[in-house]
Amino acid sequence: MTSYIKFTPISGSKSEGPLCYLLEIDEVKILLDCGWSDSFDVDNLSNLKKVSKQIDAVLLSHSDLGHLGAYPYARNHLGMTCPVYSTVPVVNMGKMCMYDLYQSRTNELEFKTFTLEDVDNAFDKITPLRYSQPFSLPGKCQGITITAYAAAHTVGGTIWKIKQDTDEIVYAVDFNHRKE
């Protein structure tokens, strides 16, 4: 039985803004998504900066800017060094999304917030998982199992089930409610 669970919005709470939440299970800190807005304003990451070095794992749910846009910056400039997990399509399409955003910014103006090397470095560190594949987190997160399920909202989009002992948490943002 888990003795302590805390859910803290970093961004995206009560708004249409980028999503980033901190889930604490006992002493473990899991970041759920790592979104950023297309302004790429570093000041908007002040709350993420406060916790980025303390994060034990990151779960990315979708391959767009609003769910993973700040991840390359956090990995390369805010000291985030923890393991990161997502589905294979989120890894591949997320990387292409960040390439595209970088290119569109550099075509318009001088853009130095992050580089393509930052994107490559960050996405090379992601552990890709398959749908319905339970995965036991290592190290400090030992005892916690994550499982990715199809969100049916975007290609590769994910609903995460996070389980410790008999406690289960479902992180389900942006999923398809309709039966196709």
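These figures come from a predicted structure and were not determined experimentally. (Residues numbered from 1 in each chain as written. Predicted model: local features only at pLDDT ≥ 70, side-chain atom pairs only at ≥ 80, totals over all residues. Heavy atoms only, no water.)

Student: I would appreciate a short explanation of the sheet that holds strand E10 (residues 167–171) in the present structure.
Tutor: Neighbouring strands of a sheet are bound in pairs by backbone hydrogen bonds; such pairs are parallel or else antiparallel. Pairing is antiparallel in the open sheet, where four strands are placed in the order E7-E8-E9-E10. Two strands close off the open sheet at either side, each with one partner strand: strand E7 (135–136) and E10. The pairing of E7 with strand E8 (residues 144–150) spans two bridges and is antiparallel. Paired with Phe135 across the two strands is Ile146, which belongs to E8. (Pairing = 2+ DSSP bridges. Helix = DSSP H or I, 4+ residues; strand = E, 2+ residues; numbered from the N terminus.)

Student: I tried to follow unusual backbone geometry on my own but got confused; where do I start?
Tutor: Trans peptide bonds make up the majority, and among non-glycine residues the majority have a negative phi. Positive phi is not limited to glycine here, since Asp26 has a value of about 55 degrees. Tracing the sequence through the fold places Asp26 in the loop between strand E2 (20–25) and strand E3 (28–32).

Student: Honestly, the state of the cysteines in this entry has me stumped. Any pointers?
Tutor: Two cysteines, two sulfur atoms, one covalent bond between them: this is a disulfide. Throughout the structure, instances matching the rule amount to zero disulfides. For Cys20, which is in no disulfide, the shortest distance to another cysteine sulfur is to Cys34 and amounts to 4.9 Å. Taking the relative accessible area as the measure of exposure, Cys20 reaches 1% and is therefore buried. Cys141 takes part in no disulfide bond, and the closest cysteine sulfur, belonging to Cys82, lies 8.3 Å away. (Disulfide = S-S within 2.5 Å. Buried < 20%, exposed > 50% of the residue type's maximum accessible area, 1.4 Å probe, protein only.)

Student: Can you help me understand the pairing of E3 in this one?
Tutor: Looking down a regular strand, the side chains alternate between one sheet face and the other. Summarising burial for E3: five of the five residues are buried, a large majority. The two faces of E3 match: Val28, Ile30 and Leu32 on one face and Lys29 and Leu31 on the other face are all buried. Of the pairings in the sheet, the one linking E2 to E3 comprises five bridges and is antiparallel in character. What sits directly across from Leu22, in E3, is Leu31. With antiparallel pairing between neighbouring strands as the criterion, E2 and E3 make up a hairpin whose turn holds two residues, including Asp26 at a positive phi of roughly 55 degrees. Pairing of E3 with strand E4 (residues 57–59), which is carried by three bridges, proceeds in the parallel orientation. Looking at E4, one finds that Leu31 is bridged to Val58. Handedness of the crossover joining E3 and E4 through helix H1 (residues 46–51): right-handed. (Right-handed = clockwise from strand over helix to strand, strands pointing away.)

Student: I would appreciate a short explanation of helix H5 (residues 116–124) in the present structure.
Tutor: A turn of α-helix holds 3.6 residues, and therefore any two residues three or four places apart point the same way. Along H5, the residues classified as buried are Asp118, Val119, Ala122 and Phe123. Mapping the buried residues of H5 onto a view down its axis gives an arc of 120 degrees, with all of them on the same face. The exposed residues of H5 that point more than 90 degrees off its buried face are Glu117 and Asp124. Summarising the contacts, the buried residues of H5 are in contact with helix H2 (65–68), helix H3 (71–77), helix H4 (88–108) and strand E6 (126–129). The N-cap residue of H5 is Thr115: its side-chain oxygen and the backbone nitrogen of Glu117 are 3.3 Å apart. (Arc of directions from axis to C-beta. Contact = heavy atoms within 4.5 Å. Polar contact = N/O pair within 3.5 Å; in protein donor to acceptor, adjacent residues only side chain to side chain.)

Student: Looking at this structure, I do not really get H4. What am I missing?
Tutor: Its 21 residues give H4 an end-to-end C-alpha distance of 31 Å, which sits within 8% of 30 Å, the value for a rise of 1.5 Å per residue. Within the span of H4, buried status applies to Val90, Val91, Gly94, Lys95, Cys97, Met98, Leu101, Tyr102 and Arg105. Taken down its axis, H4 places every buried residue within 165 degrees of arc, on the same side. Opposite the buried face of H4, at more than 90 degrees from it, the exposed residues are Asp100 and Asn107. Looking at the packing, one finds that the buried side of H4 touches H2, H3, strand E5 (84–87), H5, E6 and strand E9 (158–164). (Expected span 1.5 Å × (residues − 1).)

Student: Looking at this structure, how should I read the sheet that holds E6?
Tutor: Spatially, E1-E2-E3-E4-E5-E6 is the arrangement adopted by the six strands of the open sheet, whose pairing is mixed. In this open sheet, the two strands that pair with only one neighbour each are strand E1 (5–11) and E6. Strand-to-strand twist of the sheet, defined as the mean angle between neighbouring strand axes without regard to direction, takes the value 25 degrees. Bridge count between E1 and E2: six bridges; the pairing is antiparallel. (Axes fitted to C-alpha atoms, helices over the stretch in contact; angles between N-to-C directions.)

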